[in-house]
Amino acid sequence: MIAERLTREDRVLEWGNGLLRLRLTHGRDQPVVLEDIMWGVADTPVRTPKQTLVEILIPSLGLTDTPNRMDKTALGARLRYRAHSEERDADTLRLIVEQHDDVIGLIVVTVFETVEGAAAFRTRSVVSLEPGRPAIRIAAVSSFATGAILSDDLTSLRICRRRTAGRSCPFGTQLLNS
């Protein structure tokens, strides 16, 4: 379910499935940013990554800094919120966030997907150009880089994967070290 509120400078968008929630912000002078990841109904964040939702590296723009990860791209910093919506079918819940860059006519649609009862999200971003805009070369795209490993014990981490229909459990897990 989407919850939205306004602050003086930014819009705040909260979305999740009851077990895990995301808090995204966006404003006139910033791209959509992943501010917090929260468990259940608690307002205390598990992680506060403060990470731009989508980073796009193109050779003509590069990075605004020299980070250790795919972060702080000049184009990612220029993206601006355009719209969001929510979809639901059967047990799957989706949040769709659209951003754009008016300078080169880039459109980025990011989809978060989860199911009821799973403390996990799957995400993807699709990049396109407005009709009539010249082609650009994209070197890399990243979305939803959270740094949200919630355990210091790497042997206890589980990889979540979704199986096709016909299973009673919507997500399966596997220990990272197995």
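Asker: Before we go on, may I ask you to explain the side chain of Glu-113 in this structure?
Answerer: Here Glu-113 lies in strand S10 (residues 106–115). Among the polar contacts made by the side chain of Glu-113, one reaches the side chain of Arg-94 at a distance of 2.7 Å. Residues contacting Glu-113, with those up to four places away along its chain left out, are Trp-15, Thr-92, Leu-93, Arg-94, Ala-120, Phe-121, Arg-122 and Arg-124.

Asker: Just checking my understanding: could you explain the packing of aromatic side chains for this structure?
Answerer: The geometry of an aromatic ring pair is captured by two quantities: the separation of the ring centres and the angle between the planes. What the rule picks out here adds up to three aromatic pairs. Between the aromatic rings of Trp-15 and Phe-121, the centroid separation amounts to 5.4 Å while the plane-to-plane angle is 40 degrees, which identifies the pairing as tilted. Here Trp-15 is found in strand S2 (residues 10–16), whereas its partner Phe-121 is found in the loop between S10 and strand S11 (122–129), with 106 residues between them in sequence. The residues Trp-15 and Phe-121 share a single accessibility class, namely buried.

Asker: What exactly am I supposed to notice about unusual backbone geometry here?
Answerer: Phi is mostly negative for residues that are not glycine, and the peptide bonds are mostly trans. Even without glycine at this site, Ala-90 takes up a positive phi of about 50 degrees. Taking the relative accessible area as the measure of exposure, Ala-90 reaches 77% and is therefore exposed.

Asker: Is there a simple way to explain the confidence of the model for the protein in this structure?
Answerer: A low pLDDT means the predicted coordinates there should not be read in detail. Model confidence for the protein is summarised by a mean pLDDT of 75, while 63% of its residues fall at 70 or above. No element of the protein has a lower mean pLDDT than strand S14 (residues 171–175), which averages 44, and none a higher one than strand S9 (residues 92–101), which averages 94.

Conventions we followed
Residues numbered from 1 in each chain as written. Predicted model: local features only at pLDDT ≥ 70, side-chain atom pairs only at ≥ 80, totals over all residues. Heavy atoms only, no water. Helix = DSSP H or I, 4+ residues; strand = E, 2+ residues; numbered from the N terminus. Polar contact = N/O pair within 3.5 Å; in protein donor to acceptor, adjacent residues only side chain to side chain. Contact = heavy atoms within 4.5 Å. Phe/Tyr/Trp six-rings, centres within 6.5 Å; stacked < 30°, edge-to-face > 60°. Buried < 20%, exposed > 50% of the residue type's maximum accessible area, 1.4 Å probe, protein only. pLDDT = per-residue confidence, 0-100.

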